[in-house]
Each structure stands twice: as C-alpha cells, then as structure tokens.
Amino acid sequence: MNILVVGGGGREHAIAASLSKSPLTKKLVVAPGNPGIETIAECYPVAADDIPGQCKLAIDIKADFVFIGPEIPLVLGLKDELLKLGISSFGPSKKAAQLEGSKTFSRNFCKRYNIPQPEFKYCTEIETAKKQIELLNGYCVVKADGLAAGKGVIVCDTVDQAIIAATEMLEKNKFGDAGKLILIEERINGIEASVFAVSDGNDAVLIGTAQDHKRAYDNDEGPNTGGMGAISPAPALDQKLNKEIFNNIITPTINGMKLEGCPYEGILYAGVMITDKGPKVIEFNCRFGDPETQVVLPRLNTDLVSIVLKTIKKNLKDITIDFIPQSAITVVIASKGYPGEFKKGVLLPSLKNFNDKTEISVFHSGTSKDKNGNIFSNGGRVLSITSVGANVQNCRQKAYDIVEAINWEQGFYRKDIGKL
Ligand code: AMP
Ligand code: GLY
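Since the structure is predicted, the reported quantities are computational estimates derived from the model, not experimental observations. (Residues numbered from 1 in each chain as written. Chains lettered and ligands numbered in written order. Predicted model: local features only at pLDDT ≥ 70, side-chain atom pairs only at ≥ 80, totals over all residues. Heavy atoms only, no water.)

Just give me the short version of the packing of aromatic side chains, but keep the residues and values in it.
Summed over all chains, the structure comprises nine aromatic pairs. Centroid distance Tyr-338 to Phe-342: 6.3 Å. Interplanar angle 65 degrees. Geometry classified as edge-to-face. Taken together through their ring pairs, the aromatic side chains of Phe-105, Phe-109 and Tyr-113 make up a single cluster. A cation over a ring is seen here: Lys-415 above Tyr-413, with NZ or CZ 4.8 Å from the ring centre. (Phe/Tyr/Trp six-rings, centres within 6.5 Å; stacked < 30°, edge-to-face > 60°. Lys NZ or Arg CZ within 6 Å of the ring centre and 35° of its normal.)

Describe the side chain of Gln-132, and please don't skip the residues or the numbers.
Positionally, Gln-132 belongs in helix 7 (residues 126–135). The contacts of Gln-132, once residues within four sequence positions are left out, are Lys-121 and Ile-184. (Helix = DSSP H or I, 4+ residues; strand = E, 2+ residues; numbered from the N terminus. Contact = heavy atoms within 4.5 Å.)

I'd love a proper account of the site of ligand 1, names of residues and values included.
Near ligand 1 lie 14 residues; those nearest to it are Lys-143, Glu-185, Ile-188, Glu-192 and Glu-283. Within the backbone of Glu-186, one N or O atom sits 3.0 Å away from a nitrogen atom of ligand 1. Within the side chain of Lys-214, one N or O atom sits 3.1 Å away from an oxygen atom of ligand 1. Calculation on ligand 1 without its partners gives an accessible area of 470 Å², and the protein chains cover 90% of this total. Every element with two or more residues in the shell around ligand 1 is listed here: strand 7 (140–144), strand 8 (153–156), strand 9 (182–186) and strand 16 (278–285). Across the shell around ligand 1, the residue classes tally to seven nonpolar, no polar and seven charged. (Near = heavy atom within 4 Å. Polar contact = N/O pair within 3.5 Å; in protein donor to acceptor, adjacent residues only side chain to side chain. Areas by Shrake-Rupley, 256 points an atom, 1.4 Å probe, with all protein chains shown as cover. Nonpolar A, V, L, I, M, F, W, Y, C, P; charged D, E, K, R; others polar.)

Could you give me a rundown of the site of ligand 2, with the residues and numbers involved?
Close contacts around ligand 2 come from Asp-212, Gly-226, Tyr-269, Asn-285, Arg-287, Gly-289, Asp-290, Pro-291 and Glu-292, and that covers them all. Take Asp-212: an N or O atom from its side chain is 2.8 Å from a nitrogen atom of ligand 2. Asp-290 has a polar backbone atom sitting 2.9 Å from a nitrogen atom of ligand 2. For ligand 2, whose accessible area on its own is 200 Å², the fraction buried by protein is 88%. Looking at the shell around ligand 2 residue by residue, the classes come out as two nonpolar, three polar and four charged.

Here is the structure:
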C-alpha cells in the first residue's frame, strides 16, 4: 500500500509509527511531517491545510489511501476533494466534520438525538449572551462556534469573567468569524476522559480511551493548553462506563449522522465528563487527539492499516480491536512560555540515545532541523515521550527518566502526568 498521512505533529508521528509497522505498508509519505517523522517516512513540505497541494501529492505518490490527521483539512473538505479524484481517505467528510467544526451544529445534533450533554444557548448578540450568563450566575462556559486553535473555550466562575469572554468574541472579533456565533453552556463537573471510536458510517468500535492533562502546570493549574500529557486507558473509565458511553453517545451519533445524510467515517473523538448523572458530551472532535494518540496507538495490538481498510470498505462490523500492553503514558515537553508567547528555533539536546530504547518512543511535535542534522524547537509543544508497560506506575518512571535525561533547559513539562 502507498499511504499519505496529512499533518506534522506528535499525533501524526504516532500515526506514522503505527502505519510503518504494518506488513501492508509499502510506501509511507507524510506531509508536511517533521524531523522525527522523517526517520520513518518520506516527508514533503505541503501544509496540512493546502487542499490542492495534498490532493496533488496523493496523486503523485499513487496513494491507496490518505490518512487525514488534523481537523483543519477535514473541516475544509479534503476527503470530499480526494473522493472526486477517486482517492480513498480515512476521516470524515466536510459535512460530517461539522461535529467538530461547528459547536452549535454539534450541540443541536446531540439535542435532536437525546445524546447527554450540558444545557446550552447560542447567541450572536451580546445582550442575549448577558441574559444567559446572568441566569447561570456566571458559572458557565463561553465557546466560539468555529475552530479557534483550541483557544475558543473559556471556563468561567463569575458573571464579569463570562461577559468579558463573550464581548471579546462577539464585539472585539477575538476569534474572527469563528466567534461571531457563541455558545453559553451550563458548566458541568466531574472527571474528563477522551474516548476514541472508529466508524465506517454504519458500525463503530472503540479504538482506545485516554485521559488528557490540559492545564499547563502541575495539579491542573495554569492556562488550558492543547494537552501536556496523557495516559491510556482513561483511569476514570471501566467496562461499564465504556459500554454506557458507547451505547448512549457513540452509537446514537453514528446512527444520527447516517440518518441526516452525512455518514460519519473515521475517528470520532468524544470528550466526555463523567458527572453524577452519567457521562455527558463536552465536545466532539473529528480526528485523533494530540497527545492522546501518542498513548492510544502504541497500545494497539491490531494492525492499523487493516482497521483503515475495513473502514474504507465499510466492513468494520465484525472487527475486534486488541490492546497490548496494558498501559501507556506520554509526557509533553513544551517551550517555556507556552501556551502564551514562546521562542522558536531553540536548539534541542541530542535525542539520538533515546530512540532505540524498547518501550519508549520520542515523538516529535513542533521541531525543525538544519542541514547538519541539529534539531530545534518549532512550536509550543515540542516533544512527547511515551512509555508503555504493564501499569502506569512502571511506565511513569520510564517516561520521566527519559524526560529528565533529555534535560532541555528552555523547555518545561508537568511532573504529575499519570500520578495516582
Ligand atoms: P474543549 O476545547 O471544548 O475541549 O474545552 C476545553 C475544556 O473546557 C474541556 O476540556 C473542559 O475541561 C472544559 N469545558 C468545556 N465545556 C464545558 C462544560 N460545559 N462544562 C464544564 N467544563 C467544560
Ligand atoms: N488533546 C486534545 C485534542 O486533541 O483536542
């Protein structure tokens, strides 16, 4: 098989690593990729959101399928464009990707199908937003409708805070068009978990669960980030809860999307909160999570290429997905200052000694390379160090040993990922 993976972060490094292990993979190309991915695949400098460029590359490499990693090309309709060229892909269509691309679409959809979620109201006028905020005593969540690079969700404690957030979106254009329509949501409480299902449009199966660590600093303090580390499986979930989430959230979503004429194919990522009234949807994403993929895929004991092919052929019905080993943890090393201002182009210590260790993977997120092979930081999240093993305690030690040995002074990391 010739495979094109779209994207160039830690998630795509983990996806490429899994695909490269398949006996079915002949040629693996990643665009744009990164210096870590370059060690296992051919990389081409085509941006993930360059839809014509990605289509051309897929034709040039005679791709048997395209694995679309990030949300932006999905929401822009890369699958639909590839389909016009007769090229198969793994990921939802533009219409189906609205489950992530428009938070109001997603909330209205869940309402239509009785999928458990917080109460919400959407507004385009600040006066309507204020009324709703006051009704909730400011204990609410203000969300931009569209994609806002993970920054468009403001969790509020007070009326003032929420009004500022809503005003910035509606009147000060903080997120451009993405914030012209906003949601004011009831703020719910509980433990969060990321649940990943794969669907062929008709049937779905769980492909892993994880707990992300979204806040920048230890003890869940500091600003929200894209994720500073993750463990799999999610400790908050057991078989009973997995079943409940599958039956009450995943299955009605897949069935509903089919009924509405946009069958959902690819990864459905449900961000759920386990409340005292059961699991509720915080958000849907139309792709694998980052850094969750760096713990979900290393545990997968079923060939990823076969899963993709069964999805494309709408043949997932009888698949069983196995996980070995039991646990995985990933610790993100980020540039100092992230998620605020940070420097790029800072030299990283040599990573050579860490790559051949068994049960350890050094995934690159934001890195670049010069012609002498030196690696530099090129983003907020720079590396994620994954360790797999029989239990979280054992994995933690191994992952943190490597993080400490890398010893990058310009970076920082959380010390409590997976701490029980
Ligand atoms: P998102 O970008 O949608 O994942 O939201 C970021 C974070 O905001 C989530 O991980 C939750 O911690 C929090 N959040 C979003 N919506 C709600 C809600 N309705 N109630 C409580 N917390 C929420
Ligand atoms: N880790 C959160 C996300 O991928 O959206």
